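Here are the chains, one letter per residue:
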Amino acid sequence: MDLAYIPSPSTGVLHLGPIPLRGYAFCIILGVFVAVWLGNKRWIARGGTAGTVADIAVWAVPFGLVGGRLYHVITDYQLYFSEGENWVDAFKIWEGGLGIWGAIAFGAVGAWIGCRRRGIPLPAYADAIAPGIALAQAIGRWGNWFNQELYGKPTDLPWALKITESANREAGLYHPTFLYESLWCVGVALLVIWADRRFTLGHGRAFALYVAAYCAGRGWIEYMRVDEAHHILGLRLNVWTAIVVFLLAVLYMVLSARMRPGREEIVEPRSRKPVDTEKTDDADGAGETEAAPEAAEDSGDSGTAENAENAENGAGNGAGSAAKG
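Summary of the structure given here.

Reading guide: rules and limits
- Residues numbered from 1 in each chain as written.
- Predicted model: local features only at pLDDT ≥ 70, side-chain atom pairs only at ≥ 80, totals over all residues.
- Heavy atoms only, no water.
- Helix = DSSP H or I, 4+ residues; strand = E, 2+ residues; numbered from the N terminus.
- Contact = heavy atoms within 4.5 Å.
- Areas by Shrake-Rupley, 256 points an atom, 1.4 Å probe, with all protein chains shown as cover.
- Pairing = 2+ DSSP bridges.
- 1 Å grid on protein atoms, 1.4 Å probe; cavity = no way out; pocket = protein on both sides within 12 Å on 5 of 7 lines; lining within 4 Å.
- Points joined across faces, edges and corners; volume = space filled by probe spheres on them.
- Nonpolar A, V, L, I, M, F, W, Y, C, P; charged D, E, K, R; others polar.
- Axes fitted to C-alpha atoms, helices over the stretch in contact; angles between N-to-C directions.
- Parallel < 35°, antiparallel > 145°, perpendicular 65-115°, else oblique.
- Left-handed = near helix turned anticlockwise from the far one by under 90°.
- Expected span 1.5 Å × (residues − 1).
- Bend = angle between axes of the 7 residues up to and from the residue.

All right, on to the overall build of the chain then. Check the secondary structure of the chain and you find 12 helices and 6 strands. For the chain, restricting intrachain contacts to residue pairs at least 6 apart in sequence, the fraction spanning at least 24 positions comes to 68%. Put simply, the chain shows about 18100 Å² of open surface, and 63% of that area lies on carbon and sulfur atoms.

To continue, consider the pairing of strand β1 (residues 13-16). In this sheet, strand β2 (residues 19-22) lies alongside β1 in antiparallel orientation, the contact comprising 4 bridges. Bridge pairing in β2 places His 15 opposite Pro 20. Connecting β1 to the next strand, β2, in antiparallel fashion are 2 residues, including Gly 17 with a positive phi near 70°.

Moving on, we come to empty space enclosed by the protein. Evaluation of the coordinates by the stated rule reveals 2 cavities of 30 Å³ or more. Roughly 30 Å³ of internal volume is contained in the second largest cavity. Arg 141, Asn 144, Leu 150, Thr 177, Phe 178, Glu 181, Ile 221 and Arg 225 together form the lining of the second largest cavity. Ranked by the residues each element gives to the lining of the second largest cavity, the list is headed by helix α7 (residues 177-199), at 3 residues. Broken down by class, the residue content of the lining of the second largest cavity amounts to 3 nonpolar, 2 polar and 3 charged.

It is worth spelling out the environment of Trp 220 at this point. Its location among the elements puts Trp 220 in helix α8 (residues 205-224). Taking C-alpha positions, Trp 220 is 9.8 Å from Glu 181, a pair spaced 39 residues apart along the chain. With near-sequence residues (within four places) excluded, Trp 220 lies in contact with Tyr 180 and Trp 184.

Let's shift gears to the packing of helix α1 (residues 23-45) against helix α5 (residues 122-140). α5 packs onto α1 with a crossing angle of 150° between their chain directions and a minimal axis gap of 7 Å. With respect to α5, the element α1 is oriented roughly antiparallel. The handedness of the crossing between α1 and α5 is right-handed. Seen from α1, the contacting residues are Cys 27, Ile 28, Leu 30, Gly 31, Val 32, Val 34, Ala 35, Leu 38, Gly 39, Arg 42 and Trp 43; seen from α5, they are Ala 124, Tyr 125, Asp 127, Ala 128, Ile 129, Pro 131, Gly 132, Ile 133, Leu 135, Ala 136, Ile 139 and Gly 140. Looking at the contact of α1 with α5, its residues break down into 17 nonpolar, 4 polar and 2 charged.

Further remarks concern helix α2 (residues 52-75). Across its 24 residues, α2 extends 34 Å between first and last C-alpha, which sits within 8% of the 34 Å expected from 1.5 Å per residue. Residue Val 58 marks the point of greatest curvature in α2, where the axis turns by about 35°; the proline Pro 62 follows within four residues.

Such coordinate-based values are descriptive only and should not be taken to indicate function.
What follows is the structure, encoded as C-alpha cells:
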C-alpha cells in the first residue's frame, strides 16, 4: 500500500454555470501575468518606462502561443493526422500541447515587432523578461498536472504522481516530471536574477543564460518521460533540441561578451513632452520621472524645469528647451 503520493485532479475543468474554467489555460494565463509583472519591474530598474513590457507582450504572447502549438503539432503530427485521428483536435490548445521551443522562437518574432515599433533594442527587452519567462514556465507546467500528462517512468518514491486510468494512459505511480521542470524553472529564474546583478549582464546575455540553464534541465527531465515521442539515434527529439539550443546559447554569451561588453546605457527613447510630476508613478523604484530626464542630465542639477531655465550658457539653454518640450 502506497502511503504517500501526489494525487492528480479528478478533472481539469471547473464550470461556473455555462463557463468552463480549464486548469491548463488558467496556468498559462497566470504565468503570462507573472512574466509581465516581473519584466515590468526589471525594465523600469534598467531605465525603461512602466507599461512598455506589457505593450510589447501584446505582440509576443499571441506569436508565442501560435509557435508553441505549431511546434507541438508538427513534432507530434501522428496524434492529429494519422488514421483514426481527428485533425480538428490540432486546434484544441486548451487540451494541452505547447512546445516551448516554438513558443520562444515565435514569441521572439512578436517581441521584435513590438520593440521595433517603439525603437527599443530587442536584446535589452529579452534580458528584462528572461526571469519572468522562466517563472511563467514554472507555473504553466502545472497545467500538465491538471491534464494528467507528461509524467515520467513508474516509481515508488514518496513524491510519486498518481495517474488514473483512461483511454490513453495506464493507472499507476509515476515520476512527476511536471513538478521537476517547474522547480527547475524557478531555480533558473533565481539564477538569472542573481547573475544579472552580480555580473551586470547586457545585450541579451541574461536571456541567453536563461535559455542555456533551462535546456540543461530540460535534457535530463525529458529523458525521464515516457509519453510518445520521436527518437533520433536513440534520444528523444526534444533532448537533441535541448542540446543544440544549449550550445547556441553558450556560444552567444561568449561572443557577445567579447564583441559588446557591458550593458546598454539607454534601453528606451524618452519622451520630450512635459509630464505632470505629481501623477508620475515611481513606486517601483525607478528613481526618476518622465518630466525632463534630459534636462536633469545636461544641466547637472536636480532636474527641475526651474533650475534648467536658470542654468547658464549653451548647456543651460539646451536643457531649458528640453524641459519645456
